[in-house]
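Structure at a glance
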Amino acid sequence: MMSANKRAEIDRLIDESYDIESSLSVWQEQGTVTPEELRRGQERYQSWYARATPLISEVSRNEFKDMYEGGLFIQRIKSFLAKPLEVNQFYDPAQADSPFPKWTHLYSTTFLDSFHTQRTLLQAEIYAVAEAAPILAELAEVFARFPGFLQVLQKSKKPNVPAPNIEKEEDLQVLVGACLRLMYDDVRPEDYVPEHAGGRSRVDFLLPAVGIVVETKMTRETLTDKKLGEELLIDWGRYTRHPDCRGIFALVYDPDKRLINPAGLQSDLTQDQNNPATRVLVVR
């Protein structure tokens, strides 16, 4: 589950966002704001933004920041906070039904809509992690029985049911994919992650119905505990850019017992409180 501290901080930020929204809404209603009120409002939002941004997962962080920054043609929170009472040059106060609003950076569209999106993204952090962690735990429970599954097949004396010969990760992926299809209708092998820095990567399996990426690793002579951990972290950095990734399950097959401290590897890289949540399972 999400850590209590992180959940509490998100709850505080969400509660605080309503107060910020309320205090800033009166600026354009009253048509006046003192320099001191403007400074306090700016500082209060900036403090909220600085505390909230690290809690937003990488896959949503760009959108969260864009709601503040805006751009050349789309003005957002930053523009409103800089000049909340700047009068629209096309506004005509003599015209009762002026097609142009009085303010250049209208509170309702420039600030409020963007702030609502930021709050929604923050709230989503709670639900995304809460939903992913139990699914990862279920996958770990099922695949903990993987060695027993292989043992049954290896002891089979039926010629039509040959024992699997797992020599490399590609062989392992075939069996893992078959097992996943016992649990989920939609199992997508080698699903691509959106391009980044001119390159594309792909996940071993994606379970889109539950937002889980499944990665398989098979140990080899040159793959130490440290190197395996580094490889997983590098892979996960790419997987977080997949729009459907809410959790990552890594199955490490270590038939020759090459890993020195598999329990430590599992403990260090299993993070239920993260978004995406991650879980590592080593089977032998």
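Residues numbered from 1 in each chain as written. Predicted model: local features only at pLDDT ≥ 70, side-chain atom pairs only at ≥ 80, totals over all residues. Heavy atoms only, no water.

In this section: helix 3 (residues 58-69). Taking 1.5 Å per residue as the helical rise, helix 3 with its 12 residues ought to reach 16 Å, and the 17 Å between its terminal C-alpha atoms agrees with that figure. Within helix 3 the residues assigned to the buried category are Ser60, Phe64, Met67 and Tyr68. Down the axis of helix 3, the smallest arc covering the buried residues is 95°, so these residues share one side. One or two steps after helix 3, the chain reaches Gly70, where phi turns positive at roughly 65°. (Helix = DSSP H or I, 4+ residues; strand = E, 2+ residues; numbered from the N terminus. Expected span 1.5 Å × (residues − 1). Buried < 20%, exposed > 50% of the residue type's maximum accessible area, 1.4 Å probe, protein only. Arc of directions from axis to C-beta.)

Time to look at a nonpolar patch on the surface. A cluster of nonpolar side chains, Leu72, Phe73 and Ile74, forms an exposed patch at the surface whose accessible area comes to about 430 Å². Take Phe73: it is sitting in the loop between helix 3 and helix 4 (77-82). Judged by relative accessible area, Phe73 falls into the exposed class, the value being 77%. (Patch = residues over 30% accessible without salt bridge, like charges linked within 9 Å, V, L, I, M, F, W, Y side chains within 5 Å. Areas by Shrake-Rupley, 256 points an atom, 1.4 Å probe, with all protein chains shown as cover. Salt bridge = Lys/Arg side-chain N within 4 Å of Asp/Glu carboxyl O.)

Another aspect to go through is the environment of Thr222. Locating Thr222 in the fold gives a position in the loop between strand 3 (212-218) and helix 8 (225-239). According to the relative accessible area criterion, Thr222 is exposed, its value standing at 53%. The spacing of Thr222 and Ile135 is 87 residues in sequence and 32 Å in space, taken between C-alpha atoms.

Moving on, we get to the pairing of strand 3. Across the 7 residues of strand 3, 7 count as buried, placing the element largely inside the fold. Bridge count between strand 3 and strand 4 (residues 247-253): 7 bridges; the pairing is parallel. From the neighbouring strand, Ile212 faces strand 4, where its bridge partner is Gly247. (Pairing = 2+ DSSP bridges.)

This part is about the pattern of salt bridges. Here the structure, examined in full by the defined rule, presents 21 salt bridges. Note that Glu9 and Arg12 form a salt bridge whose closest N and O atoms lie 2.6 Å from each other. Of this pair, Glu9 and Arg12 both sit in helix 1 (residues 4-30), separated by 3 residues, roughly a single helical turn. Measuring nitrogen to oxygen at the nearest pair gives 3.7 Å for the salt bridge that ties Lys83 to Glu86. Since its relative accessible area comes to 48%, Lys83 is described here as partly exposed. Assessed through its relative accessible area of 29%, Glu86 is described here as partly exposed. Taken together, the salt bridges that share partners define one network made up of Lys217, Arg220, Glu231, Asp235 and Arg238.

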